[in-house]
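# Examining the three-dimensional arrangement
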Amino acid sequence: MDAPEEPLPPVIYTMENKPIVTCAGDQNLFTSVYPTLSQQLPREPMEWRRSYGRAPKMIHLESNFVQFKEELLPKEGNKALLTFPFLHIYWTECCDTEVYKATVKDDLTKWQNVLKAHSSVDWLIVVVENDAKKKNKTNILPRTSIVDKIRNDFCNKQSDRCVVLSDPLKDSSRTQESWNAFLTKLRTLLLMSFTKNLGKFEDDMRTLREKRTEPGWSFCEYFMVQEELAFVFEMLQQFEDALVQYDELDALFSQYVVNFGAGDGANWLTFFCQPVKSWNGLILRKPIDMEKRELIQRQEATLLDLRSYLFSRQCTLLLFLQRPWEVAQRALELLHNCVQELKLLEVSVPPGALDCWVFLSCLEVLQRIEGCCDRAQIDSNIAHTVGLWSYATGKVLPRHGVLAPSLWACLGDGEITNTAQSPYKKLKEALSSVEAFEKHYLVSITVVLCNESFHLLTFARRKKSPQKAEIYLQGALKNYLSEGWALPITHTRKQLAECQKHLGQIEKYPSSHKIVLPMHSFAQLRDLHFDPSNAVVHVGGILSVEITVCSQMPVPVHVEQIAVNVHFSIEKNSYRKTAEWLTKHKTSNGIINFPTEPSSFPASQNSLPALELYEMFERSPSDNSLNTTGIICRNVHMLLRRQESSSSLETPSGVALEEGAHMLRCSNVTLEPGPNKITFRTQAREPGTYTLRQLCASVGPVCFVLPHIYPVVQYDVYSQEPQLHVEPLADSLLAGIPQKVKFTVTTGHYTIKNGDSLQLSNAEAMLILCQAENRAVIYSNTREQSSNAFLRIQSSDKVTSISLPVVPAYHMIEFELEVLSSPSAPAPRGESDLLGMLEPHWKHKDKQKTGPFMVTTDHKMSIDCPWSIYSTVIALTFSVPFRTTHSLLSSGTRKYVQVCVQNLSELDFQLSDSNLVDTGDGTDLQLIPLNTQSQQRIYSKQSVFFVWELKWTQEPPPSLHCWFSVGFSPASEERLSVSLKPYTYEFRVENFFTLYTVKAEILPPPGTEYCRTGSLCSLEVSITRLSDLLEVDKDDALTESEDYFSTKLMYEVVDNSSNWAVCGKSCGVISMPVAAQATHRVHMEVMPLFAGYLPLPDVRLFKYLPHHSAHSSQLDADSWIENDSLSVDKHGDDQLDSSSVKSRGSAHSASSSEHKGLPMPRLQALPAGQVFNSSSGTQVLVIPSQDDHVLEVSVT
């Protein structure tokens, strides 16, 4: 693009990591709208939907608007997203056609050619509308003409790429609406471009990562690419996604280092094996450490440089996410990992340099956390930082006085060292003299006083002050005892004993405590057996636990008491678990075996089980290469288990929890050498889960303790409420035939007594069938059958009583009953006037569809149970096995009613005694059946048709109210014990009497014998009235003259099969006299389009109703043709030209103003039963023309 002659001062173009948008065209115009644009753009968030199933996020888009230059467009191979222009905007306020043709169009063409040359398709043209400029121009066109020209010249099919911004500098509602529309479009296009280019960048990045096994692949190059992606996410304030990128880089580099240690090294790792020459520590005060980043980019960074830079970026993002304590956790892991990685890569490190790097890094992290948290937060989260204090103290202490001068000489530059509270300054002061070191060391060690007895003792020993060491160790021991740290307690006691021995105060060491020894030196737990075997028992039940203990003693030992400490817990809703549920979730057979190996841990009451470590390998699914390897601990839940708060610190929890705890005890047991079986019995009293924690054997003052019983051993106690469950035995219950229903009574904690019964309230449309003998099966709650019992059932009109047998608590009773529902089909809610069509899908509140056309009915019955004062409502759903439709058939004036019965069930039925009656007032109407068979078999998914002919002697009624019934029974049943009701179906037949016959005839052209394709033929339509005035004729279309009544009809000739072309008028309005044998004939010309036997076109009749006054202000929605598009031709024979019948889309705009306020007629289709087309099915032979080169024949 050519720059203007006098360039204006640049707009505030900043590079603050925002998406770049270039601006071309009128720079003065953009300068005027820039303040408003930059302020309004990020106000509304946009939903960002990304690929690969990632969750959408709401982001606020900001942009860095810069002047368009071709140099800004990305070149091939450029992987920098931050300098990538995501959108190009052209600004113009041209409102003059001549100016547009002279300058603006050429400028736009050059702009678009440059974009096309660089394959940039993300652009937008903004036309600013200014009313002030329009007033100063006399030869301008309306605004839409300039916009349309731009869209036609440049936008092609992308008309939305040209938007209008109206008076952007004014304060009006029109301006605000224009701004809102423009900003929405700008955000949408910017987000679309951003998503597209970011997706392409991610694909290229993945491709580069997949090449990591190829020779010459560089981790530093890949690091810069993926960090560019992290910068983009950080630019959008998506800090979590940015952190993921750095974590992936961290994991990738760590994996390569581990593989290098295993002998599988990459060539690029040699760059990181350089000797360490600087140990300045982490620098976390800079958001981006550009010096280290440039070292990585030039592939000159050491391992510590890469790790320091990577962690500084992770730290910055974690602080943005307000997770400072995770910084401390990650920092500790980083420091330990770096030490190991330096060893794996065999990097040369000067003595003491690594310790200084660790110390400085710890202080830098702690200082960074303190800078973003207040004192209250730091004090409440001291557990997260104490590890860093401890690690820093342990690293520096061994190096003091040995390498102080050399370490001092290589610590950083002066700018960093002189910073207030700098870790470098603290370390240099500590290394300057012994007194300064003691001062700083004691300040640091007070932070970890309660967790660092080793450093306290070492420091006191070096100062040759055992008195101070004893005081520090006493305080540390007190803290350990209060928090229950087993291993530090033992270690601190050992150190305290050494101090007191050195001071000659042996009597001060605590000696009056109970002797606690591990059990494996006395006996071993071999196995455990539950009775019942599933370890599930109800409240009040008896549970037996038998353990096998193998005594290690050579002689019999009398044990005063063997106790099992049981932990009781109530999980959410666990007391509602039934025995069936618990049994399904119990996989044990009741026997638990324990490992026989003795524990390798020291003799301590809090000793933990052995580590169960397993190797873990994770391979790539594409090339089966090793991605990740590691070690996992499978019993971490045992190692990290919290100690019971109520347990003693000096004795095992099994001894301390004697009062108020759940214990299984067995007293006065003699253990013989070898295996011994000991049985504990307990009665369950409270529902919940019981876990066996410890095993303790008391022999005099000595307690042998197994601190953790592993694998985990549990048993469950449940309490169950009485329940009643009713379910059908089949997949669905069929109405009309007996169906079996299963009743299940779960007694729970209720005991069924003599005289208890279930009271069932009978539903009106459902019967409960009482058999001569009914039996019930009684089960225990573990589904073990215990006995059978007879049921006594008494039934009345309203209530059915079922006497239950006497059954104890926690049992089940199962029995079956037969029910019978009414088979009648629900009556249709409304009858269609177009008889012969399928019946519509009816709906009502008591049924729903379960299949393609299945109708169901719910029957609710109330059941009163003896254990509850409330009634239980049971709903049984019955499916009507049949679907019935009806249709009206005509043959001239003769009428037939056809009923179709479709079997939707899986059973076959035998139909008999079909009957159809008219329940109306017509006494002279006869329904003559045409089905000769009295019985018919209807198979599954098949249909049977019944036909009756209607005959009458007087004027027929306007409608028929019909009642269809047919007897049915299952074809597979020999004989049922109960008589079945017939299936019934009720329907109405409206307007079934034939009023008009229509006859159509096509004649060939004069002088020819047959019709030919392409030749005009004559179509004669004859419409004949068959009866005089009837009640159904009295409507708005009926008019009365001096001699007769007449009605207006509209005919329409339609050929849906496209065999004929109707020439001239295809529809018209006629005045038909209401008299028998009155005939109206219509002549028109048609042209056959194909050769062969062609069916005649369809002739349709409608009633032509005048417009009613009630419709003057509201259109009739039931009309076949829209009222505002139908006009009346009052000339000649009142013919209506087909050209006056238009669709809504073409006629609405033209006729709405022409006929506005005029009353328009409407059409009403005549029912199919009132019109008989005698030409239906007639075909005409059409022969091809003689000069046709291609013969087309229609075969129907």
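Located above this text is the structure these notes cover.
Residues numbered from 1 in each chain as written. Predicted model: local features only at pLDDT ≥ 70, side-chain atom pairs only at ≥ 80, totals over all residues. Heavy atoms only, no water.

Turning to its location among the elements, P958 is positioned in the loop between β37 (943-951) and β38 (959-970). For the pair formed by P958 and F992, sequence separation is 34 residues and the distance between their alpha carbons is 7.5 Å. Ignoring sequence-local partners within four residues, the contact set of P958 consists of V989, E990, N991, F992 and V1032. (Helix = DSSP H or I, 4+ residues; strand = E, 2+ residues; numbered from the N terminus. Contact = heavy atoms within 4.5 Å.)

An ideal rise of 1.5 Å per residue puts 24 Å on 17 residues; helix α6 (residues 219-235) measures up with 24 Å between its terminal C-alpha atoms. The element α6 is extensively covered by neighbouring structure, given that 16 of its 17 residues are classed as buried. Q237, located one to two residues past α6, shows a positive phi value of around 60 degrees. (Expected span 1.5 Å × (residues − 1). Buried < 20%, exposed > 50% of the residue type's maximum accessible area, 1.4 Å probe, protein only.)

Core analysis: the biggest nonpolar cluster contains 109 residues, and W91 and F182 have the highest contact counts within it. Counting residues in hydrophobic clusters, the runner-up holds 37 residues, among them L525, I562, I592 and Y690. (Core = buried A, V, L, I, M, F, W, Y, C linked by side-chain atoms within 4.5 Å.)

Another aspect to go through is the sheet that holds β37. The strand order β32-β33-β37-β35 describes an open sheet built from four strands, whose pairing is antiparallel. For this open sheet the edge positions go to β32 (882-891) and β35 (926-929), each flanked by a neighbour on one side alone. Each strand axis lies, on average, 25 degrees off the axis of its neighbour in the sheet, ignoring direction. By the bridge criterion, ten bridges tie β32 to strand β33 (residues 894-903) in an arrangement that is antiparallel. Within β33, the position partnered with S891 by the bridge is R894. (Pairing = 2+ DSSP bridges. Axes fitted to C-alpha atoms, helices over the stretch in contact; angles between N-to-C directions.)

If you walk across this open sheet you meet the three strands as β41-β52-β48, and the pairing is mixed. Both outer strands of the open sheet, β41 (1011-1012) and β48 (1092-1095), are each paired with one neighbouring strand and no more.

All right, on to a nonpolar patch on the surface then. A cluster of nonpolar side chains, contributed by L611, L613 and I631, occupies part of the molecular surface with about 330 Å² of accessible area. Assignment of secondary structure puts I631 in strand β15 (residues 626-633). Residue classification places I631 among the exposed residues on the basis of a relative accessible area of 63%. (Patch = residues over 30% accessible without salt bridge, like charges linked within 9 Å, V, L, I, M, F, W, Y side chains within 5 Å. Areas by Shrake-Rupley, 256 points an atom, 1.4 Å probe, with all protein chains shown as cover. Salt bridge = Lys/Arg side-chain N within 4 Å of Asp/Glu carboxyl O.)

Tallying each qualifying case throughout the model produces 22 salt bridges. As a salt-bridge pair, D247 and R330 come within 2.8 Å of each other at their nearest N and O atoms. Of this pair, D247 sits in helix α7 (residues 239-261) while R330 sits in helix α10 (residues 324-344); the two residues are 83 residues apart in sequence, bridging distant segments of the chain. Residue class for D247 comes out partly exposed when judged on its relative accessible area of 24%. Because the salt bridges share partners, they merge into one network encompassing E240, D247, R323, E326 and R330.

Functional significance is not addressed by these values, which are geometric in nature.
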